[in-house]
Amino acid sequence: MRSLIDIIDLTVEEIDELIATANDIIANPDKYAEKCKRKKLATLFFEPSTRTRLSFESAMLELGGSVIGFSGANNSSAAKGESVSDTVRTVGCYADIIAMRHPKEGAPMIASMRSPVPIINAGDGGHNHPTQTLADLLTIHREKGRFDHLTVGLCGDLKFGRTVHSLIHALSRYEGVQFVMISPDELKVPEYIIQELEKEGIPYTETRSLEEAMPTLDILYMTRVQQERFFNEADYIRLKDSYILTPDKLETAKSSLSILHPLPRVNEISVAVDNDPRACYFKQVSNGKYIRMALILKLLEVE
Ligand code: NCD
């Protein structure tokens, strides 16, 4: 039995397979409509979510399965002090697979050690978010046709943004990828990730200037400043509008640029950018459902 806790739990070959399956689901949805008949997914969300939870639920429903779950810690026995281990041992008596989001880093990993069914990490604190990365990878693959030799700009809250951490780990495995990390000094990529990049000899630069980076980028991955991870409201207010992508800032960008954002956005991408053909963030939403369908099939070992 396998869980997905970290994106590097999947090999690059397995990621290729998931992308191929997702593309086949997009082309032939009917073929998959009963693949998970009589199977049940539980979504245990101890933190707010729109896309991740509803895309997991839609994914399972489109595979012919059913869903149970809760969408807030206050609606579960966590509010009475139950441990995540006991929660998943319980839910494992009802469901075949569990997607869990938790504010504490490492909670889904701990859960996977006690769970009788596969656990999917749907975001753990400011740490990782492997299934958002799968949605990002499918989007990059559909837009660019490859993962190698790309210059990837990561902009915004690179400290607390868990989607960024998982995406760096995923893309680091491909030849010729380089990262341009664009953030205020207070929101730089955590030191442990920088050390990993150094160790592997993966090229990266750090800058505060989106304008300077723009002309070099193949991918621009914008992120929200993660208000809920700040200790201090004043710091959040000072940093929240560090970057606002507007049409004029895109004038120096490549015509082949792909603009990604895991969403939700607050101010960091002006709605005026939404009609730019380079904007891919709503395609990412739709891709997220298909790649989660592929992942559910894989972890449930459905043919
Ligand atoms: C992200 C998350 O939860 O980390 N959202 C998502 O799952 N698509 C990004 C965010 O909340 O800013």
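The sections below set out a description of the structure shown in this document.

Basis of the calculations
- Residues numbered from 1 in each chain as written.
- Predicted model: local features only at pLDDT ≥ 70, side-chain atom pairs only at ≥ 80, totals over all residues.
- Heavy atoms only, no water.
- Patch = residues over 30% accessible without salt bridge, like charges linked within 9 Å, V, L, I, M, F, W, Y side chains within 5 Å.
- Areas by Shrake-Rupley, 256 points an atom, 1.4 Å probe, with all protein chains shown as cover.
- Salt bridge = Lys/Arg side-chain N within 4 Å of Asp/Glu carboxyl O.
- Helix = DSSP H or I, 4+ residues; strand = E, 2+ residues; numbered from the N terminus.
- Core = buried A, V, L, I, M, F, W, Y, C linked by side-chain atoms within 4.5 Å.
- Buried < 20%, exposed > 50% of the residue type's maximum accessible area, 1.4 Å probe, protein only.
- Domains from an automatic or database assignment.
- Contact = heavy atoms within 4.5 Å.
- Pairing = 2+ DSSP bridges.
- Axes fitted to C-alpha atoms, helices over the stretch in contact; angles between N-to-C directions.
- Arc of directions from axis to C-beta.
- Near = heavy atom within 4 Å.
- Polar contact = N/O pair within 3.5 Å; in protein donor to acceptor, adjacent residues only side chain to side chain.
- Nonpolar A, V, L, I, M, F, W, Y, C, P; charged D, E, K, R; others polar.
- Phe/Tyr/Trp six-rings, centres within 6.5 Å; stacked < 30°, edge-to-face > 60°.
- Lys NZ or Arg CZ within 6 Å of the ring centre and 35° of its normal.

What follows is about a nonpolar patch on the surface. Together, Met-109, Ile-110 and Met-113 give the surface a local cluster of nonpolar side chains, amounting to about 300 Å² of exposed area. Mapped onto the secondary structure, Met-113 falls in helix H4 (residues 107-114).

Okay, the nonpolar core next. Ranked by size, the top nonpolar core spans 57 residues in total, and within it Leu-134, Leu-154, Ile-168, Leu-171, Phe-179 and Met-181 carry the most contacts. Per element, the largest residue contribution to this core is eight residues, and it comes from helix H10 (residues 281-299). Shared between two domains, this core holds at least three residues of each, these being domain 1 (7-128 + 287-299) and domain 2 (130-284). With residues near it in sequence (within four places) discarded, Phe-179 still touches Val-152, Leu-154, Ile-168, Leu-171, Ser-172, Leu-197, Ile-202, Pro-203, Tyr-204 and Thr-205. Counting 20 residues, the second largest nonpolar core, distinct from the first, contains Val-180, Met-222, Leu-263 and Tyr-281.

Glancing now at the sheet that holds strand S5 (residues 151-155). Strand order in the open sheet made by the five strands is S7-S6-S5-S8-S9, with parallel pairing throughout. The sheet is open, and its two borders are formed by strand S7 (204-207) and strand S9 (258-260), each paired with just one other strand. Strand-to-strand twist of the sheet, defined as the mean angle between neighbouring strand axes without regard to direction, takes the value 15 degrees. The strands touched by helix H5 (residues 130-144) within the sheet are strand S8 (219-222) and S9, with S9 carrying the most contacts at an inclination of about 165 degrees.

Okay, H4 next. Within H4, the full set of buried residues consists of Ala-107, Pro-108 and Ala-111. Buried positions in H4, seen along its axis, are confined to an arc of 90 degrees and lie on one side of it. In the core, the buried residues of H4 are packed alongside helix H3 (84-91), strand S3 (97-102) and strand S4 (119-124).

It is worth spelling out the site of the ligand at this point. Neighbouring the ligand are the residues Thr-52, Arg-101, His-129, Gln-132, Arg-162, Thr-163, Arg-224, Gln-226, Pro-262, Leu-263 and Pro-264. The side chain of Gln-132 places a nitrogen or oxygen atom 3.1 Å from a nitrogen atom of the ligand. Residue Pro-262 places a main-chain N or O atom 2.9 Å away from a nitrogen atom belonging to the ligand. Starting from 310 Å² of accessible surface for the ligand in isolation, the protein chains cover 94%. Class assignment of the residues belonging to the shell around the ligand gives a composition of three nonpolar, five polar and three charged.

Attention now goes to the packing of aromatic side chains. Evaluation of the coordinates by the stated rule reveals five aromatic pairs. Taking the centre distance of 4.9 Å and the plane angle of 45 degrees together, the rings of Phe-147 and Tyr-174 count as tilted. Here Phe-147 is found in the loop between H5 and S5, whereas its partner Tyr-174 is found in the loop between helix H6 (162-171) and strand S6 (178-182), with 27 residues between them in sequence. Side by side, Phe-147 and Tyr-174 carry an identical accessibility label, which is buried. Members of the aromatic cluster, each reached through a chain of ring pairs, are Phe-160, Phe-230 and Tyr-236. Lying across the ring of Tyr-32, Lys-35 places its NZ or CZ 5.9 Å from the centre. The ring centre of Phe-56 lies 5.0 Å from the NZ or CZ of Arg-292, which sits over that ring.

Further remarks concern the side chain of Thr-43. For Thr-43, the position within the fold is in strand S1 (residues 40-45). Only 2.6 Å separates the side chain of Thr-43 from the side chain of Glu-57, close enough to count as a polar contact. Apart from the residues within four sequence positions on either side, Thr-43 is in contact with Arg-53, Phe-56, Glu-57, Ile-68, Gly-69, Phe-70 and Ala-99.

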